[in-house]
Amino acid sequence: MEQKELTTWREETALERFQIIVPLLDSSLDRDKKVQLRKELASQNDLSVRTLRRYESSYLEKGFPGLKPAERHGCSRLPMDFEQLMQEAIALKREVPSRSVRQIIFILELEGKAKPGVLKRSTVQDHLYAAGFGRKQMKKYNEGQKLSSKRFCKPNRMMLVQADIKYGPKLPIGPKGRKVQTYLSSIMDDHSRYILASEFYDNQEKEIVEDSFRKALLKYGRFEAAYVDNGGQYVSRQLVRSTSKLGIRVIHAKPFSGQSKGKIEKFHQVVDSFLAEARAKKIRTLEDLNHYWACFLEEYYQKKSHDGIREYYESRGRSVPEEGISPEMEWNRDARPLVFLDTSVVGEAFLHHEERVVDKGGCISFHGRDYEVSAALIGATVEIAYDPQNPDPLMVSYRDMPPIEARPVAISPFCDRKPELPVSMQSPEPETSRFLDVLEKKHAESQVKLANAISFSRYRKEGR
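Report on the accompanying structure. Model, not experiment: these values are computed from the prediction.

## Examining the pattern of salt bridges
Thought 1: Counted according to the given criterion, the structure contains 18 salt bridges.
Thought 2: Here Arg 214 ties to Asp 211 by a salt bridge, and the two come within 3.3 Å at their closest N and O atoms. Of this pair, Arg 214 and Asp 211 both sit in helix H8 (residues 206-220), separated by three residues, roughly a single helical turn.
Thought 3: Among the residues examined, Arg 214 registers a relative accessible area of 10% and is labelled buried.
Thought 4: Judged by its relative accessible area of 5%, Asp 211 is buried.

Next comes the structure, spelled out in C-alpha cells:
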C-alpha cells in the first residue's frame, strides 16, 4: 500500500480495535464478568483471548495510538498472484458477509488457489478492510451494547452522559429576514442531571453535536461513555473517531425505545417552558436566544430541585431534604474527581481531515475560497486539518514535512461586499418576558458575587 493508504489503514484499524475492546473498559465490571465478556468478544470477532488482552494492555498503556498496527518495513513476500487472490477473497466475503477471515483463507487453500500457510490472517484482513469489508466488529459492538441502556442511573457523575437534539424556535436570521429553524444540542450528566453543554444552532448538521461534545469536555473534563440515539449526527464517522481517540464509549439507544432516554426527554419538557417565555420576549437573534437560555439554565434549571433525583434516592431507602436536591447540588457534592484533558488534545481529536490537490499557483480550494500553501507542493495531494466551527487557518500536511499553516488568499478591498443587517432584526419590540428579565438580572448579580468572592480570596492569600 502507498504511504497515504497505510496511514489511513493504521488509523482505521486502531478505531476498529477500540470498538471491539470498548465494552471491557467499563469500570463497573467485576473480574469474573470481565473474563466472561472477554471470551464472548473473542469468539464473536474471530480473535483469541490473548489478542484481546494485548489490545487492552496497549490501550491502557499508550492510549488510542497504542492500538495502531506497527509500521511495516522491508520487502513484501506476497505471492505473484496476490491481487487475484484478494479479488477471490472479496468475492467470498460478498457472497456470505458473515464469513470470517480464517474461513476465507481455508476455502482458498482447499480450492487449491492458495498454498497452505502463504496467506496470513492479518494481511488478508488489511486488504479486506481497504475494500470496505471491515465493519463487522463495529456492527456487533453496537448490537451488544443495546442492553446497557436499561440501567436506571449511574452511581457517580461523568460515568455516563446523555445527548440529544431538540427543535427550537424559528428566527428571522436568514437572508432578507427569512425565518430559519433553530436546534438545541444538549449534553446531560446521567447521574446528577446537570447540563454540561447546551446551545441553540441555526442548523442540525453533525458539526453541532461535535461542538457540544468538545465544549463539555473542555469545561468539565472527560466522561466515560455517551448514550445517544441513532440520528445521523450521532452515528457519524467523525464523532466515533473523535470520542475513540479520547477513550470515550458511544452507546446507541435501541431503535424505538424512547423510554431509555427518559432523562434527556424530561429535560426537553423544561426546554418547552423556556420556549414559551422566549416567544413572550420576542427574541429575534440567535445570540439573544442563547444569552437568555444561559440565564434560564444557570439560574433556574440547574438550581431548581429535581424530582428525578429525589426518586432515585428514595427508591434506595435514603432520605432527601425537604427542599429537595438540585442538579447543581448533586453535581457539586459528588466526590468522584473530574479528569480534565489538555485543550490541545481535545482540539486535535475533533479536527476534520480532508485531501486537496495543490494547483499551479501553490493554492488549494476549500469551501469556495483559495488558501495559499507553498509553490514547492504544486501538483501534490496534501491533507488538510481544520476546525469546522472555525476553519481559518487550515493546517496542511504532506508526508514527513512539518505542517503548514494556510490562510485565505487576500482579496482587494474593492471586492469586499459587506451584507447589510436585515431591517426586521433592527425593529424594536414592545413586549417582553418578565421571567427572563429577572433571571438575566439575577445571573448578572451572581457573576458579580462570584467575582467578588474570587477577589477576596486572592486578597486573603496576599495578606498572609
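## Thoughts on the pairing of strand E9 (residues 381-387)
Thought 1: In the sheet, strand E6 (residues 352-357) pairs with E9 via six bridges, with the strands oriented antiparallel. Bridge assignment links His 353 to a residue of E9, and that residue is Ala 385.
Thought 2: Sheet topology note: the E9/strand E10 (residues 390-397) ladder contains four bridges and is antiparallel. Across the sheet, residue Ala 385 finds its bridge partner in E10, namely Met 395.

## Some words on the environment of Ser 242
Thought 1: In this structure, Ser 242 sits in helix H9 (residues 237-245).
Thought 2: Expressed as a C-alpha distance, the spacing of Ser 242 and Val 346, which sit 104 residues apart in the sequence, is 8.5 Å.
Thought 3: With sequence-adjacent residues up to four places away left out, Ser 242 is seen in contact with Ala 349 and Phe 350.

## Some words on the pairing of strand E4 (residues 225-228)
Thought 1: The alternating pattern of E4 places Ala 225 and Tyr 227 on one face and Ala 226 and Val 228 on the opposite face, and all of these are buried.
Thought 2: In the sheet, strand E1 (residues 161-171) pairs with E4 via two bridges, with the strands oriented parallel. Within the sheet, the bridge partner assigned to Val 161 lies in E4 and is Ala 226.
Thought 3: Pairing geometry for E4 and strand E5 (residues 249-252), over four bridges, is parallel. Its bridge partner being in E5, Val 228 is matched across the sheet by His 252.
Thought 4: Viewed along the sheet, the connection from E4 through H9 into E5 turns out right-handed.

Rules used in this analysis
One numbering rule holds for all chains: residues counted from 1, following each sequence as written. Per-residue local features are limited, in this predicted model, to residues with pLDDT of at least 70; the limit for side-chain atom pairs, both in listing and counting, is 80 or more; totals at the level of whole chains, interfaces and linings are taken over all residues. The side-chain values count all of the structure's non-hydrogen atoms but skip hydrogen atoms and water molecules. When a carboxyl oxygen of Asp or Glu is within 4 Å of a side-chain nitrogen of Lys or Arg, the pair counts as a salt bridge. For helices the rule is a DSSP run of H or I covering at least 4 residues; for strands it is a run of E covering at least 2, with both sets numbered from the N terminus onward. Three labels apply to residues, based on accessible area from a 1.4 Å probe with only protein chains included: buried if under 20% of the type maximum, exposed if over 50%, partly exposed otherwise in between. In this description, strands pair whenever DSSP reports at least two bridges between them. What makes two residues a contact is simply this: any of their non-hydrogen atoms within 4.5 Å. Here, the term right-handed applies to a crossover whose path from the first strand over the helix to the second runs clockwise when the strands point away from the viewer.

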